Amino acid sequence: MRIGYRLGVVFGFTLLMFVALLALALAEEFGMHSALAYYDQGVVPSIRAIHTALEGVDTTRRYEVQHLLSNDAAELSGLEG
């Protein structure tokens, strides 16, 4: 076989492999995009809701500790009012 024919075949095979690699990369990118959209729409709002609830619990605990640790009657009335 001539060298030009062999180089053409190898070049064509290289292009074919490049196209296959490009298709695989695009498929993986689409998968990552889908996972990111799921986390953005499903997981993050749930985490925000849990964080808001925990902040409420922490605030309640803080007020309770302030009330239990205060000795002064004026301070107690300020905390209760």
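Residues numbered from 1 in each chain as written. Predicted model: local features only at pLDDT ≥ 70, side-chain atom pairs only at ≥ 80, totals over all residues. Heavy atoms only, no water.

S.K.: How do you make sense of the overall build of the protein chain when you look at a structure like this?
M.R.: Along the backbone of the protein chain there are 2 helices and 0 strands. In terms of C-alpha radius of gyration, the protein chain reaches 32 Å, well past the compact-globule figure of 12 Å for 81 residues. Across its three principal directions, the C-alpha atoms of the protein chain cover 105 × 20 × 10 Å. When the 81 residues of the protein chain are sorted by exposure, 1% land in the buried category. For the protein chain, the accessible area works out to roughly 7,400 Å², and carbon and sulfur atoms hold 68% of it. The average position of the 5 basic charges and that of the 9 acidic charges among the side chains of the protein chain differ by 29 Å. (Helix = DSSP H or I, 4+ residues; strand = E, 2+ residues; numbered from the N terminus. Rg over C-alpha atoms; globule rule 2.2 N^0.38 Å. Buried < 20%, exposed > 50% of the residue type's maximum accessible area, 1.4 Å probe, protein only. Areas by Shrake-Rupley, 256 points an atom, 1.4 Å probe, with all protein chains shown as cover. Lys, Arg positive; Asp, Glu negative; His and termini not counted. Charge placed at Lys NZ, Arg CZ, Asp CG, Glu CD.)

S.K.: What is the right way to read a nonpolar patch on the surface from this model?
M.R.: Taken together, the side chains of Phe-18, Val-19, Leu-22 and Leu-26 define a hydrophobic patch exposed on the protein surface, amounting to about 400 Å² of accessible area. Tracing the backbone through its elements, the reader meets Leu-26 in helix 1 (residues 3-69). (Patch = residues over 30% accessible without salt bridge, like charges linked within 9 Å, V, L, I, M, F, W, Y side chains within 5 Å. Salt bridge = Lys/Arg side-chain N within 4 Å of Asp/Glu carboxyl O.)

S.K.: Explain the packing of aromatic side chains here, please?
M.R.: Where two aromatic rings form a pair, the distance of their centres and the angle of their planes describe that pair. Tallied over the full model, the rule gives 1 aromatic pair. Between Tyr-38 and Tyr-39 the ring centres are 5.6 Å apart and the planes differ by 70 degrees, which places this aromatic pair in the edge-to-face class. For Tyr-38, a relative accessible area of 54% corresponds to the exposed category. Residue classification places Tyr-39 among the partly exposed residues on the basis of a relative accessible area of 46%. (Phe/Tyr/Trp six-rings, centres within 6.5 Å; stacked < 30°, edge-to-face > 60°.)

S.K.: Is there a simple way to think about helix 1 in this case?
M.R.: Because an α-helix packs 3.6 residues into every turn, residues spaced three or four apart end up facing the same way. Over its 67 residues, helix 1 runs 91 Å from end to end, which matches the ideal 99 Å to within 8%, given 1.5 Å per residue. At Tyr-39, helix 1 is deflected by roughly 35 degrees, the largest bend along its length. (Expected span 1.5 Å × (residues − 1). Bend = angle between axes of the 7 residues up to and from the residue.)

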